[in-house]
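Survey of secondary and tertiary structure
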Amino acid sequence: MSLKMQEELGDDVTVLFVQSQEATPEQAEKFIYNKRWQNDRSIWTTEQPFSVAIEGLPSGALLGNDGSVLWSGRPTSDHSKVMDMVNEQIKLAKKGAKGMSPTAAKANGEYEKGNIAAALKMLDGAPEAEKADAGKLRHSLETRTKAKVARLDWYIENGDYDKADKLLATLQKGVAGDEKFEASAKTAADKLAAKELAQEREAAKAFAKVQKLMLDGKGGFDDIAVKQLTAVTTKYPNTRAAKRASHLIDLSKVSDS
Amino acid sequence: MRFVWIAAATAAIAAVAPAQQRQGAVKVGDVPAYTFSRPLVNGLGVKSLADLQGRPVMVEYWGVH
């Protein structure tokens, strides 16, 4: 259910999968590849951030836009109820929470359109009576923008340059006029424009092809995939793609249980 | 002797304990806080639950067996 939800709603929802049986992180990651569940949006972990006190799997919890628990139970039994709640949260995120002051509501709208600097400026200029509400939203929007910058850095560090380029372009446009976030975007832009990255970009494309084969084809770590991963490590030594390919080769050797 | 055993056991538990212990069972209205101690698979720069605020988060518990 959650994979389908992620596919349908894209970045409007985050799905965090928590492997809660006794498997190592490596076994869990290998399992995800073998099942072809890996995608570019869902996040996976073997650390349980909290318990939902429900026997059996799958189980889960839905956190709202503010991080509070809205529901916990079995996702398969409560599918339509959960989907309604998720859609309601997305609607609220875009329109602004109920009872928001006029300035905060307007700033939230600007932020949702991608105009980050304009939204922050609007909140800084909120009238005295709306300062508390504006300050609360500013803190939240800053945290969300930092998360966007962190995602951009993650794309760069993991050699996902196409996504990094796209996110950078959106971010640069949105933060223009905000000194702090402009500096963060510039740091990322400098990294992406570095000459040394030319080979990294080529290596990333070669790695992406193998990864696609593992996820779209027969799936998993068959001999062909391992051979192609090895070719990436040989052709592009000391690149991030080679490091990722080596990691997958190591995973192929991990016992399934 | 008993004290030595307890001290050794406590030290051993502390050595393997994660950086931040997970919380107990959550209920509706709680705001769970958690910082992950290991990198997440396809982590997208996320280090804690707080990094995910702003949009709904579906946390699904699953198993490999």
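Just above sits the structure.
If you're wondering where the values come from, they're calculated on a predicted model, not measured in any experiment. (Residues numbered from 1 in each chain as written. Chains lettered and ligands numbered in written order. Predicted model: local features only at pLDDT ≥ 70, side-chain atom pairs only at ≥ 80, totals over all residues. Heavy atoms only, no water.)

Now for the side chain of A:S68. When you line up the elements, A:S68 lands in the loop between β3 (59-63) and β4 (69-73). A:S68 gets classed as buried once you look at its relative accessible area, which sits at 10%. In terms of polar contacts, A:S68 uses its side chain to reach the side chain of A:D66, at 2.7 Å. Each residue touching A:S68, except ones within four places of it in the same chain, is listed here: A:L62, A:L63, B:G29, B:D30 and B:V31. (Helix = DSSP H or I, 4+ residues; strand = E, 2+ residues; numbered from the N terminus. Buried < 20%, exposed > 50% of the residue type's maximum accessible area, 1.4 Å probe, protein only. Polar contact = N/O pair within 3.5 Å; in protein donor to acceptor, adjacent residues only side chain to side chain. Contact = heavy atoms within 4.5 Å.)

To continue, consider the interface of chain A and chain B. Taken residue by residue, the interface counts 68 residues in chain A and 40 residues in chain B. The contact between chain A and chain B buries some 5,000 Å² in all, and 60% of this surface belongs to carbon and sulfur atoms. Together, A:E47, A:F50 and A:V69 form the three largest contributors to the area buried by chain A at its contact with chain B, with a combined 13%. Our count for the contact surface shared by chain A and chain B stands at two salt bridges. Between A:E112 and B:R55 there is a salt bridge, with the nearest N and O atoms lying 2.6 Å from each other. Where chain A touches chain B, the interface holds 28 residue pairs in polar contact (both at pLDDT 80 or more). Of all the elements in the fold, those that place two or more residues in the side of chain A that touches chain B are α1 (2-9), β1 (14-19), α2 (25-34), β2 (43-45), β3, β4, α3 (79-95) and α6 (131-157) of chain A. For the side of chain A that touches chain B, the element with the highest residue contribution is α6(A), accounting for seven residues. Residue classes in the side of chain A that touches chain B are distributed as 35 nonpolar, 21 polar and twelve charged. Summarising the sheet, β1(A) and strand β1 (residues 57-62) of chain B pair through six bridges and their orientation is parallel. By the bridge assignment for β1(B), A:T14 is matched with B:V57. (Buried area = accessible area lost by both parts, 1.4 Å probe. Salt bridge = Lys/Arg side-chain N within 4 Å of Asp/Glu carboxyl O. Nonpolar A, V, L, I, M, F, W, Y, C, P; charged D, E, K, R; others polar. Pairing = 2+ DSSP bridges.)

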